[in-house]
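Chain and residue survey
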Amino acid sequence: MSVLDRVRHPGLQSRIMSAEAAAALIPAGANVGMSGFTGSGYPKAVPQALAKRIEGLHAAGEEFRISIWTGASTAPELDGALAQVDGIEMRLPFQSDPICRQKINSGQMHFADMHLSHVAQHAWFGFLGKLDVAVIEVVGILPDGRLIPSMAVGNNKTWLDLADKVIIEVNTLQPEALEGMHDVYYGTALPPNRKPIPLVYTDDRIGEPYLRCDPDKIVAIVGVHQADRNTSFAAPDDNSQRIAGHIIDFLQEEVKQGRLPEKLLPLQSGVGNVANAVLAGLNDGPFEHLTGFTEVLQDGMLDLLRSGKMDFASATAISLSAEALADFTANLAFYRERIVLRPQEISNHPELVRRLGIIAMNAMIEADIYGNINSTHTMGSNMMNGIGGSGDFARNGYLSFFVTPSVAKGGSISCIVPMVSHVDHTEHDVQIIVTEQGLADLRGLSPRQRAQRIIENCAHPDFKDALLDYTERAWDHGPGRHTPHLLDEALSWHQRYVKTGDMRANKV
């Protein structure tokens, strides 16, 4: 199928051009809002053409960099290509590209890490500056100019509304049968004119299945026929299965105690292998008629829908392995009745997370003995990916889980430490910590009680004695008794790793 078949607005067909011609319309210094959320729905041809243009300009001695705003992470064709040629001045709000990460941590690229629910409203408030260009992937353009969204909605509505110029990539590889899966809400407003969002149940539809854009703003349309970044997930290992087992046992007890209904509450699951292992465990578990209200629908939630364990899932993007994508594409009629994709300002909205009573399950890099969570930085200074939406769900959810294996780097790093080297989620937002060693329910506990439970239930045996020793000495000799610390030792484990490659004192 040609791009002409997907562009049904007669007045826009004349704006179909090459990716190189479209990339030439993006000026140096521009703020560019691009589609894309966790490796799906991102533009593919225009960023690569722009990267080639920038490379040529740099070789000729000309400066050319832009700032890129997205929904979340994208892929090598966007982040990787532009970072490789030093084309990115500022990146927000989230990334996962190794080249981007290297540039950020070497100081060559600015990165603004943001809660994903904040991005659209901060753009509307004018906090981020003027949006010059939007580059958005869609499935097609209707005769009246409305756009059929692709595999991710993200911040696309906001970028289309705010940008002076719009470049559209029409991806003919994405099936037209995606039409109808989306729910784009146009009822948001700026303070003081905001009104309650009328979403009460996970499967409520409150918007329309299309994106709107003034056709006069569309300066270029580029046809592509290319797949998203399909991420394969490892089969659940022993640690992941044990973490999943602890969570499922906990949820069963919550139902038994009357604190959760038998079908639980809507589930939010972060991205990655551990998250998929938890969802796989739920597929084998006792719960029926589950629902999902999350950011990204991955293989594990698709499995739950297919098996009938889950009735409905709401997200802002679909990011699948190649195998799961084949099933999704072959059975789109089935999934279109059970999945809705929304803008991320709705999928991550704190009011909705609290109202629906979301059970939030997110990964972390490390936790400290009092329950503070670091989910973004290694050794305090080096950015991994970003906070993403974990804070949106953790602070406002009915239950907030943070999960990780108890050790990393072959056992040389403890993921339970005296003090986290960077704080993304304070102890006030953290209810339950889970490692393969066990689960620590921290609800209603004082800091000293939390420390006892975290060390006893979650720490690896190789580090447990050292954590207990630190805690006891902090309680005896710290400057205060509420949240006791030895300030000259609190980050000594991290410092030891930086110097020696191992947190364990007996390995120095």
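Preceding this section is the structure that the text describes.
Residues numbered from 1 in each chain as written. Predicted model: local features only at pLDDT ≥ 70, side-chain atom pairs only at ≥ 80, totals over all residues. Heavy atoms only, no water.

Cys100, Arg101, Lys103 and Ile104 are the residues of helix H5 (residues 98–105) that are buried. The arc enclosing the buried residues of H5, seen along the axis, measures out at 165°, which places them on a common side. Where H5 is buried, its residues meet helix H4 (76–84), strand S3 (88–92), strand S4 (110–111) and strand S19 (382–383). Among the residues of H5, the N-terminal cap falls to aspartate 97, whose side-chain oxygen and the backbone nitrogen of isoleucine 99 are separated by 2.9 Å. Within two residues after H5, glycine 107 carries a phi angle of roughly 85°, on the positive side. (Buried < 20%, exposed > 50% of the residue type's maximum accessible area, 1.4 Å probe, protein only. Helix = DSSP H or I, 4+ residues; strand = E, 2+ residues; numbered from the N terminus. Arc of directions from axis to C-beta. Contact = heavy atoms within 4.5 Å. Polar contact = N/O pair within 3.5 Å; in protein donor to acceptor, adjacent residues only side chain to side chain.)

Moving on to the nonpolar core. Counting 49 residues, the largest nonpolar core has Leu251, Phe328, Ile339 and Phe401 as its most contacted members. With 6 residues, the top contributor of residues to this core is helix H8 (residues 238–256). What phenylalanine 401 contacts, discounting residues up to four positions off in sequence, is Ile247, Phe250, Leu251, Ile359, Ala360, Met361, Asn362, Ile432, Val434 and Leu439. Leu78, Val133, Ala220 and Met383 belong to the second-largest nonpolar core, a separate cluster that totals 36 residues. (Core = buried A, V, L, I, M, F, W, Y, C linked by side-chain atoms within 4.5 Å.)

What follows is about the packing of helix H16 (residues 447–458) against helix H17 (residues 461–477). A pair of packed helices is characterised by two quantities: the angle between their axes and the separation of those axes. For the pair H16 and H17, the least separation of the axes is 10 Å and the interaxial angle reads 165°. Here H16 is positioned roughly antiparallel relative to H17, judged by the angle of their axes. As for how H16 packs across H17, the hand of that crossing is left-handed. Residues Arg448, Ala451, Gln452, Ile455 and Glu456 of H16 pack against Lys464, Leu467, Leu468, Thr471 and Trp475 of H17. Within the contact of H16 with H17, the residues separate by chemical class into 5 nonpolar, 2 polar and 3 charged. (Axes fitted to C-alpha atoms, helices over the stretch in contact; angles between N-to-C directions. Parallel < 35°, antiparallel > 145°, perpendicular 65-115°, else oblique. Left-handed = near helix turned anticlockwise from the far one by under 90°. Nonpolar A, V, L, I, M, F, W, Y, C, P; charged D, E, K, R; others polar.)

What follows deals with the pattern of salt bridges. This structure, assessed with the given rule, holds 28 salt bridges. Of the charged contacts, one joins glutamate 337 and arginine 338 as a salt bridge, the two residues approaching to 3.6 Å between their closest N and O atoms. We note a salt bridge from arginine 355 to glutamate 351, for which the minimum N-O separation is 2.3 Å. One end of the pair, arginine 355, and the other, glutamate 351, are both in helix H14 (residues 350–356), 4 residues apart, so they sit about a helical turn from each other. Among the charged side chains, a network of salt bridges with common partners joins Glu254, Arg259, Asp441 and Arg443. (Salt bridge = Lys/Arg side-chain N within 4 Å of Asp/Glu carboxyl O.)

Right, let's get into the sheet that holds strand S23 (residues 416–417). Strand pairs in the sheet, formed through backbone hydrogen bonds, run parallel or antiparallel to each other. Strand order in the open sheet made by the 3 strands is S17-S16-S23, with mixed pairing throughout. Each edge of the open sheet carries a strand with a single partner, namely strand S17 (373–374) and S23. Where strand S16 (residues 366–368) lies against S23, 2 bridges are found, and the strand directions are parallel. Bridging across to S23, aspartate 368 finds its partner in valine 417. (Pairing = 2+ DSSP bridges.)

Let's shift gears to helix H3 (residues 45–59). The terminal C-alpha atoms of H3 lie 21 Å apart, and with 15 residues this matches the ideal 21 Å at 1.5 Å per residue to within 8%. Every buried residue belonging to H3 is among Ala45, Val46, Pro47, Ala49, Leu50, Ala51, Ile54 and Leu57, and all of these are buried. Count one or two residues on from H3 and you reach glycine 61, which has phi positive near 90°. (Expected span 1.5 Å × (residues − 1).)

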